[in-house]
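# What the coordinates show
Listed below, chain by chain, are the residues.
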Amino acid sequence: MRGAVRIVMASRNQHKVRELARVLAPHALDPLPDFVALPPEDGTTFTENALLKARAVAAATGGPALADDSGIVVEALGGAPGVWSARYAGEDATDEQNLDKLLAEMRGKADRRAAYVCMLAMIGADGSERLFEGRCEGRLALAPRGTGGFGYDPAFLPDDLDGRERTMAELEPGEKDAISHRGRAARALAAALGTP
Ligand code: IMP
């Protein structure tokens, strides 16, 4: 039996932090201190970017760190936007601008299959590095619906839903956690951390 772990979160995205904290409790996520600068995400894979962020934060704080690199991969766009999901419509693009661009690119395309991917990189107190991946398969809706979640959620129709077709943004937080890429990756991490 091990105690609850405190981990510094290598992200300032409050949506990600909230979703991860819900699944990882009673392990606790500490906010990224203001003095820590996140490195540029210049990797070409989710794994590279997650490790870049987690290593930078572990080095700056001297303690355990957790990074989440995630995005949406769209079949008909050859896997785009992928690791560029946060910057699809430009460096400082808003979620809404990214979503508008994606739906514009998809206009007239019959194959609307897409998947969310989440790669978690965890650096332990002993410097060990572990990766946990989660995936959520789905399709892109023709138009956005719902106000929950963030990012591309209003246009993402997850496959793993029973009954009525809903976008990720129309789900309760617990329903999203149960099937999302992040929920799946975080449960694998929680299992590795053990029950306090
Ligand atoms: P990152 O900060 O480089 O990992 O970029 C993550 C981006 O992927 C976010 O800004 C969103 O655009 C998208 N994304 C990741 N996870 C989700 C999710 O759960 N819902 C909707 N969009 C997501």
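Summarised in this report is the structure supplied together with it. A quick note: this is a predicted structure, and the numbers were derived from the prediction, not measured.

Right, let's get into unusual backbone geometry. With omega at 10°, the peptide bond leading from A25 into P26 counts as cis. The residue P26 is located in the loop between α1 (14-24) and β2 (28-30) in this model. The peptide bond linking A80 to P81 adopts the cis configuration, its omega dihedral lying at -10°. Structurally, P81 is set in the loop between β3 (65-74) and α3 (95-105).

Moving on: the packing of aromatic side chains. Going through the model one piece at a time under the given rule, you end up with one aromatic pair. Sitting above the plane of the Y88 ring, K101 keeps its charged end 4.4 Å from the centroid.

The next subject is the site of the ligand. In the neighbourhood of the ligand, 17 residues make up the surrounding shell, with K16, E41, D153, K176 and R182 lying closest. A distance of 2.9 Å separates a nitrogen atom of the ligand from a polar atom in the side chain of R182. Burial of the ligand by the surrounding chains reaches 94%, relative to a free accessible area of 490 Å². Broken down by secondary-structure element, the contributors of at least two residues to the shell around the ligand are β3 and α5 (181-193). Considering every element that reaches the shell around the ligand, the biggest residue donor is β3, with four residues. For the shell around the ligand, the residue count by class is four nonpolar, five polar and eight charged.

If you walk through the whole model with that rule in mind, you get 16 salt bridges. The residue K16 makes a salt bridge to D68 at a minimum N-O spacing of 3.3 Å. Taken together, the residues K16 in helix α1 and D68 in strand β3 connect sequence positions 52 residues apart. You'll find K16 and D68 in the same group, each marked buried. D177 serves as the salt-bridge partner of R22, at 2.8 Å between the closest nitrogen and oxygen. Of this pair, R22 sits in helix α1 while D177 is found in helix α4 (residues 173-179), placing the two residues 155 residues apart along the sequence. If you follow the salt bridges from partner to partner, you end up with K16, E19, D68, D153, K176 and R182 in one network.

What follows concerns the side chain of D69. With respect to the element layout, D69 can be found in strand β3. Polar contacts involving the side chain of D69 include one to the side chain of K53, which spans 2.9 Å. When residues no more than four places from it in sequence are discounted, the contact partners of D69 are K16, E41, T45, F46, N49, A50, K53, V83, V117, C118 and M119.

Attention now moves to the environment of N13. Note that N13 resides in the loop between β1 (6-9) and α1. Placed 55 residues apart in sequence, N13 and D68 show a C-alpha to C-alpha distance of 9.8 Å. There is a polar contact of 3.2 Å between the side chain of N13 and the backbone nitrogen of K16.

Conventions and cut-offs
Residues numbered from 1 in each chain as written. Predicted model: local features only at pLDDT ≥ 70, side-chain atom pairs only at ≥ 80, totals over all residues. Heavy atoms only, no water. Helix = DSSP H or I, 4+ residues; strand = E, 2+ residues; numbered from the N terminus. Phe/Tyr/Trp six-rings, centres within 6.5 Å; stacked < 30°, edge-to-face > 60°. Lys NZ or Arg CZ within 6 Å of the ring centre and 35° of its normal. Near = heavy atom within 4 Å. Polar contact = N/O pair within 3.5 Å; in protein donor to acceptor, adjacent residues only side chain to side chain. Areas by Shrake-Rupley, 256 points an atom, 1.4 Å probe, with all protein chains shown as cover. Nonpolar A, V, L, I, M, F, W, Y, C, P; charged D, E, K, R; others polar. Salt bridge = Lys/Arg side-chain N within 4 Å of Asp/Glu carboxyl O. Buried < 20%, exposed > 50% of the residue type's maximum accessible area, 1.4 Å probe, protein only. Contact = heavy atoms within 4.5 Å.

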